[in-house]
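Each chain, written out:
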Amino acid sequence: MVIRLHSNVSDATAKDRFVALGLEHSSVAAGLWEVNADLSIWKPKQILEQLSQLGEVSKISSKTPLLDALDGQQAVKVAVPGRSSPILFQNFSNPVWIAGPCSLDPSNPLKETAKTLKDAGVQVLRGGAVKPRTSPHEFQGMGREGYQLLSSVAHENGLAAISEALSEDDVSEAIEFLDIIQIGARNMQNFALLKKLGRSGKPVLLKRNAGASLKEWAAAAEYLLAEGNKNIILCERGVRGLERELRYTLDLAGAAFMQHRYGLPVIIDPSHATGTKQILEACTAGSLAMGFAGVMLETHPKPTEARSDALQALTTDRFLEIAKKLLK
Ligand code: PEP
Ligand code: MN
């Protein structure tokens, strides 16, 4: 990050300080410096504090100044109708478990699923109503009526409801019924959608696009912040690497970097990242050990009948086995 500093100390004093802090620097004119802070060493907030002791910080090259200014571990509180205390998403705190089917389907007994998941300690019920599918010939979801179905079943059980808003057209109904609105991987850079959800102030789960760098993911979060919405939960769901055995590559290090750098709550979605139900327990255990704010897993009472992502869905029984071991 390049910072321009109008110093109010002598050039010699400023130089000594840069050297002591190990900062690359160059003099633009007398009393005017350009300092390059290596963000793998410095947190933006810390470096800005140090430099403002020497004068006025006048230019920052960062594309994410609002995100950079966040201080420490952020918490997102999700209020749920009928539940006395909000659900807290925070790194290095009690992780939140999100579970449920990939897509809602009126023939799927969601009520039983919700009750079972709730008893196992899950706090958020998921289910896609409008689905981003690779092919237009695949099941596109039951439609926005699903938002109301999901939220009524979730709230009856004291759970929060999360579902994806696929386009700007979905936003008003999503806000009305859901407690957390998911921005799917394919929409991470749908800036109009980000702005609209930013203005809503609702908790947003921002999934990382499979081809997005960490900087691009951060800049997408900046869009929400720029509209005044701080209720941002990041979700790592796998990136496209060289691997072909698994659906994507689960970038736990990238997720840890976002957790460390910005302090926004980060959750992990091993279901989409791996596409492979046999390794979900291991990936969930690893994610929990790294202090992420939560995990999201897809479950289905009869995975063979699931209308999307059937191969990666855990049966409810298998999910319960995993939860018994890992959900505290
Ligand atoms: C989903 O959560 O069902 C989904 C479509 O996720 P992603 O956007 O990560 O592919
Ligand atoms: Mn899915």
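Just so it is clear, the model here is predicted, and its values are computed rather than measured. (Residues numbered from 1 in each chain as written. Chains lettered and ligands numbered in written order. Predicted model: local features only at pLDDT ≥ 70, side-chain atom pairs only at ≥ 80, totals over all residues. Heavy atoms only, no water.)

**Regarding the overall build of the protein chain**
(1) Moving on: In terms of helices and strands, the protein chain carries 12 helices and 14 strands.
(2) Moving on: Taken over C-alpha atoms, the radius of gyration comes to 22 Å for the protein chain, in line with the 20 Å a tight globule of 328 residues would show.
(3) Moving on: Taking the principal axes of its C-alpha atoms as reference, the protein chain extends roughly 75 × 40 × 40 Å.
(4) Moving on: Looking at the protein chain residue by residue over its 328 residues, the buried ones come to 52%.
(5) Moving on: Sequence-distant contacts, at least 24 apart, represent 68% of the contacts inside the protein chain between residues at least 6 apart.
(6) Moving on: For the protein chain, the accessible area works out to roughly 14500 Å², and carbon and sulfur atoms hold 51% of it. (Helix = DSSP H or I, 4+ residues; strand = E, 2+ residues; numbered from the N terminus. Rg over C-alpha atoms; globule rule 2.2 N^0.38 Å. Buried < 20%, exposed > 50% of the residue type's maximum accessible area, 1.4 Å probe, protein only. Contact = heavy atoms within 4.5 Å. Areas by Shrake-Rupley, 256 points an atom, 1.4 Å probe, with all protein chains shown as cover.)

**Let's talk about the site of ligand 1**
(1) Moving on: Near ligand 1 lie 13 residues; those nearest to it are R126, K131, A185, K207 and R237.
(2) Moving on: In the model, an oxygen atom of ligand 1 is placed 2.8 Å from a nitrogen or oxygen of the A185 main chain.
(3) Moving on: H272 places a side-chain nitrogen or oxygen 3.1 Å from an oxygen atom of ligand 1.
(4) Moving on: Burial of ligand 1 by the protein chains amounts to 98% of its free accessible area of 300 Å².
(5) Moving on: Taken together, the residues that form the shell around ligand 1 break down as three nonpolar, three polar and seven charged. (Near = heavy atom within 4 Å. Polar contact = N/O pair within 3.5 Å; in protein donor to acceptor, adjacent residues only side chain to side chain. Nonpolar A, V, L, I, M, F, W, Y, C, P; charged D, E, K, R; others polar.)

**Points about helix α7 (residues 191-200)**
(1) Moving on: Taken together, the buried positions of α7 are occupied by L193, L194, L197 and G198. The buried residues of α7 occupy an angular sector of 135° when projected down its axis, which confines them to one face.
(2) Moving on: For α7, the secondary structure elements touched by its buried residues are α6 (171-177), β10 (180-183), β11 (204-207) and α8 (214-226).
(3) Moving on: Positioned one or two residues after α7, G201 has a phi angle of 75°, which is positive. (Arc of directions from axis to C-beta.)

**Details of the packing of aromatic side chains**
(1) Moving on: Counting across every chain of the model gives three aromatic pairs.
(2) Moving on: Aromatic side chains F18 and W33 sit 5.2 Å apart centroid to centroid with 75° between the ring planes, which places their arrangement in the edge-to-face category. Highlighted residues: F18 in helix α1 (residues 11-21) and W33 in strand β3 (residues 32-36), separated in sequence by 15 residues. The residues F18 and W33 share a single accessibility class, namely buried.
(3) Moving on: Here W97 and F319 contribute two aromatic rings whose centre-to-centre distance is 5.9 Å and whose plane-to-plane angle is 75°, an arrangement assigned as edge-to-face. With W97 in strand β7 (residues 96-100) and F319 in helix α12 (residues 316-326), this residue pair connects regions lying 222 residues apart in the sequence.
(4) Moving on: Overall, the relative accessible area of 2% leaves W97 in the buried class.
(5) Moving on: In this structure, R237 packs its charged tip against the face of Y248, placed 4.2 Å from the ring centre. (Phe/Tyr/Trp six-rings, centres within 6.5 Å; stacked < 30°, edge-to-face > 60°. Lys NZ or Arg CZ within 6 Å of the ring centre and 35° of its normal.)

**Some details on the packing of α8 against helix α9 (residues 252-262)**
(1) Moving on: At a minimum axis distance of 11 Å, the contact between α8 and α9 shows a crossing angle of 50°. In terms of orientation, α8 and α9 fall into the oblique class. The interaxial crossing formed by α8 with α9 has right-handed handedness. Of the residues in α9, those in contact with L214, W217 and A218 of α8 are G254, F257, M258 and Y262.
(2) Moving on: Residues belonging to the contact of α8 with α9 are distributed by class as follows: six nonpolar, one polar and no charged. (Axes fitted to C-alpha atoms, helices over the stretch in contact; angles between N-to-C directions. Parallel < 35°, antiparallel > 145°, perpendicular 65-115°, else oblique. Left-handed = near helix turned anticlockwise from the far one by under 90°.)

**Re the nonpolar core**
(1) Moving on: Counting residues in each nonpolar core, the largest one holds 61 residues, and the members touching the most others are W97, L125, L206, L234 and F319.
(2) Moving on: In terms of residue count, the dominant contributor to this core is α8 (six residues).
(3) Moving on: Beyond its immediate chain neighbours, meaning those up to four positions away, W97 contacts V122, Q123, V124, T284, L288, V295, L297, F319, I322, A323, L326 and L327.
(4) Moving on: Residues V78, I162, I267 and A293 belong to the second largest nonpolar core, which totals 17 residues. (Core = buried A, V, L, I, M, F, W, Y, C linked by side-chain atoms within 4.5 Å.)

**A few points about the confidence of the model for the protein chain**
Regions with low pLDDT carry predicted coordinates that are not meant to be interpreted in detail.
(1) Moving on: Model confidence for the protein chain is summarised by a mean pLDDT of 95, while 100% of its residues fall at 70 or above.
(2) Moving on: No element of the protein chain has a lower mean pLDDT than strand β4 (residues 55-60), at 84, and none a higher one than strand β12 (residues 232-236), at 99. (pLDDT = per-residue confidence, 0-100.)

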